[in-house]
Amino acid sequence: MIYPPTVQTLVDEFSKLPGIGPKSAQRITFFLLKADQAEVMALANAILVAKERSQWCSRCFNLSESELCPICRDSTRDARRICVVEEPRDVVALERTGEFRGYYHVLQGSLSPIDGIGPEKLRIKELLQRLAGPEVDEVILCMNPNLEGEATALYLARLLGPFGISVTRLASGLPVGGDLEYADERTLGKALEGRRSVL
Amino acid sequence: MYVEKLSLVDFRNWSELNIGFQSDKLTFILGDNAQGKTNILEGIYFGARHKSFRSSERLPLIRDGAEQSIIRIEVLSRDRRRTIASQINRYSRDRVLINGKQTVRFDGLLYDFPMVVFQPDDLSIIKDSPSYRRSYIDEAVESVDVQYGQLSSQYDRLLRQRNNLLRSIGNRPGPSEILTLDVWDEQLSDAAEKITLRRKEGLEELSDFILSSYRRISGDNKRIELQYAQSWSDSVLSSLRKTRENDLRKQSTGIGPHRDDIVINLDGFNSRNSVSQGEQRTLAVVLKLASATMIEKVTGETPVVLLDDIVSEFDSKRVTRLFESLPSGQIFVSGTFIPDGLSGSVVVEIERGTLHGAS
């Protein structure tokens, strides 16, 4: 079936989005074409406004609506600790734990030569600048527990060695409240590898 | 493990097929050429593994003119009876349901539903490039070690990352590129050492079974030596450092498990090119039978063994000795006739694409 050019353009635009294939793109397009004018306007407006107002925080490179993000503006936080993450959504996840009161640094990705991402594409230079001052004494590496996250953490660990600050990594292991028997072999293997003495 | 039932809908030449099998028996699937015997073995294999042993493409599996194939097998393994239903769709993604529940991870199937297949093309394991011998040992190890599959796909991904990195660096790496390469080298060699260790352990485990099985089937006393031939020495990491310049020039990784080989010598002669075709064929089937024996010994579960067109491959003496030394468990054999002395076995006959004598 051939759509009118304007409709086809919209389908094509949607198919460029992550996780959206041609079928879903069609479904979304027809949903919007059938929807009220006001609803469609609200969506279009939301996209435009979000795009216009958001920027990267100039210190930690998290998403922000101002020069500094709310976390970086909060002077009651612990300036001695910086938690390095891959993406803004990781900040949200860590904040939800309520366990971390330091500041963040968002790399905006992880090392992945397949995707053409080397250290120069990540916010590593900016991290090093932040560590130049005397106040930070611990960097916590919170990369994803996959091959690319592992490589990024290893790279940063090498780079941060000469700074003489403590560099730690997130522990990997079993989900809390889960059953041992349902854990996959690799998770269980990692947990066994990282076992701790209880005495 | 035993396959109790097989049903196929629009799979290869079969528009509809339902067969029940007897567990723990030798089952012959008989018929003239081009009747669909191998397709039945392929159906059994596909049912348990969600892949074919003949083709990596999906579409040839769907019967001409049909939109989807359905393969359903009922198996008894580790004292559990399970139904595995696979759907191959021409226009959408495949689906696999184990006891009615959809499965998305296929990497444990080999361990959960162990199956070993021998087909005439397996002569390549002996004769052709090292990649066939690597796949052989990888499959054997994966059937007894549920983590090995993940480990080798991890290695493949690391290797692709490193090769991409080599390509993007070009000939003049700066300090930051060197550090990046160091980091990937470290991860790659970690996975490489683990893979090599498991392959060597697997080969060690297999070698006794290979030796005794070869002796029984060939009827001679030739000496077999199996040797894991590494493409590197000392450690992977130090070798990667040594060959780095070369790798940068060639923009690919020259050493590691993806370049290793297994050398099989028969009385001191390399079986790849210095022994007879008959000996090569015997070795190929012996390797497969040895992996079936290893699976049983290590996991306690007997694999289903599929032997495609094996009778025509050997002289009658070897065939007799081969059938005398098959591992225990359920075995399917396809062919055009039943060799002498085996007439008591279960027979499924195919004539003009329909089934006779099914139990």
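Nothing here was measured: the structure is a model prediction, and the numbers come from that model.

Cut-off values and rules
Residues numbered from 1 in each chain as written. Chains lettered and ligands numbered in written order. Predicted model: local features only at pLDDT ≥ 70, side-chain atom pairs only at ≥ 80, totals over all residues. Heavy atoms only, no water. Helix = DSSP H or I, 4+ residues; strand = E, 2+ residues; numbered from the N terminus. Buried < 20%, exposed > 50% of the residue type's maximum accessible area, 1.4 Å probe, protein only. Contact = heavy atoms within 4.5 Å. Areas by Shrake-Rupley, 256 points an atom, 1.4 Å probe, with all protein chains shown as cover. Lys, Arg positive; Asp, Glu negative; His and termini not counted. Charge placed at Lys NZ, Arg CZ, Asp CG, Glu CD. Rg over C-alpha atoms; globule rule 2.2 N^0.38 Å. Axes fitted to C-alpha atoms, helices over the stretch in contact; angles between N-to-C directions. Left-handed = near helix turned anticlockwise from the far one by under 90°. Nonpolar A, V, L, I, M, F, W, Y, C, P; charged D, E, K, R; others polar. Phe/Tyr/Trp six-rings, centres within 6.5 Å; stacked < 30°, edge-to-face > 60°. Pairing = 2+ DSSP bridges. Parallel < 35°, antiparallel > 145°, perpendicular 65-115°, else oblique.

*Asks:* Please give an account of the overall build of chain B that cites residues and values.
*Replies:* Assigned secondary structure in chain B consists of 10 helices and 15 strands. Classification of the 359 residues of chain B by burial places 54% in the buried group. Counted over contacts in chain B with a minimum sequence separation of 6, partners at least 24 positions apart contribute 72%. When the accessible surface of chain B is summed, it comes to about 16200 Å², and 44% of that surface belongs to carbon and sulfur atoms. Taking the average location of the 49 positive side-chain charges in chain B and that of its 51 negative ones, the two points are 3 Å from each other.

*Asks:* Tell me about the overall build of chain A, and please be specific about residues and values.
*Replies:* Assigned secondary structure in chain A consists of eight helices and six strands. Against the compact-globule benchmark of 16 Å for 199 residues, chain A has a radius of gyration of 22 Å, which places it well outside the compact range. Structurally, chain A occupies a C-alpha span of about 70 × 45 × 35 Å along its principal axes. Per-residue burial over chain A gives 33% buried out of 199 residues. Intrachain contacts of chain A at a sequence separation of at least 6 include 48% that bridge at least 24 residues. Total accessible area on chain A is roughly 13000 Å²; 57% of this is exposed by carbon and sulfur atoms. Separation between the mean location of the 24 positive side-chain charges and that of the 27 negative ones in chain A comes to 2 Å.

*Asks:* Any chance you could break down the packing of helix 6 (residues 124–131) of chain A against helix 7 (residues 147–160) of chain A for me, citing the residues and the numbers?
*Replies:* Working note: a packed helix pair is described by the angle between its axes plus the distance between those axes. All names here are of chain A. Remark: helix 6 packs on helix 7, axes separated minimally by 12 Å, with the N-to-C direction vectors making an angle of 35°. In this structure, helix 6 meets helix 7 at a crossing whose hand is right-handed. Packed against helix 6, whose contacting residues are Ile124, Leu127, Leu128 and Leu131, the element helix 7 presents Tyr155, Leu156, Leu159 and Leu160 at the interface. The residue makeup of the contact of helix 6 with helix 7, split by class, is eight nonpolar, no polar and no charged.

*Asks:* With reference to specific residues and values, describe the packing of aromatic side chains.
*Replies:* In total, this model carries six aromatic pairs over all chains according to the counting rule given. Ring geometry for Phe100 of chain A and Tyr104 of chain A: centres 5.2 Å apart, planes at 65°, overall edge-to-face. Residue Phe100 of chain A is classed as buried on the basis of its relative accessible area, which comes to 13%. Under the relative-accessibility criterion, Tyr104 of chain A is labelled buried at 1%. Geometrically, the ring pair formed by Tyr45 of chain B and Phe53 of chain B is edge-to-face, given 5.2 Å between the ring centres and 85° between the ring planes. Residue Phe53 of chain B is classed as buried on the basis of its relative accessible area, which comes to 11%.

*Asks:* An account of the sheet that holds strand 6 (residues 166–169) of chain A is needed here, citing residue identities and associated values.
*Replies:* Residue and element names in this part refer to chain A. The sheet built from four strands is open, its strands ordered 4-3-5-6 with parallel pairing. The outermost strands of the open sheet, each flanked by one partner alone, are strand 4 (102–106) and strand 6. Each strand of the sheet is rotated relative to its neighbour by a mean of 25°, with strand direction disregarded. Note that strand 3 (residues 78–85) and strand 5 (residues 138–142) share five bridges and pair parallel. Bridging across to strand 5, Cys83 finds its partner in Ile140. Packing of helix 6 onto the sheet brings it into contact with strand 3, strand 4 and strand 5, and relative to strand 4 it is tilted by some 155°.

*Asks:* An account of the packing of helix 7 of chain A against helix 6 (residues 175–218) of chain B is requested, with residue identities and associated values reported.
*Replies:* Following both chains from N to C, one finds helix 7 of chain A and helix 6 of chain B inclined at 130°, their axes separated by 9 Å at the closest point. The pairing of helix 7 of chain A with helix 6 of chain B is recorded here as oblique in orientation. When the axes of helix 7 of chain A and helix 6 of chain B are compared, the crossing they make is right-handed. Where helix 7 of chain A abuts helix 6 of chain B, its residues Leu147, Glu148, Glu150, Ala151, Leu154, Tyr155, Arg158 and Leu159 of chain A lie against Ser176, Leu179, Thr180, Asp182, Val183, Trp184, Glu186 and Gln187 of chain B. When the residues that make up the contact of helix 7 of chain A with helix 6 of chain B are grouped by side-chain class, the tally is eight nonpolar, three polar and five charged.

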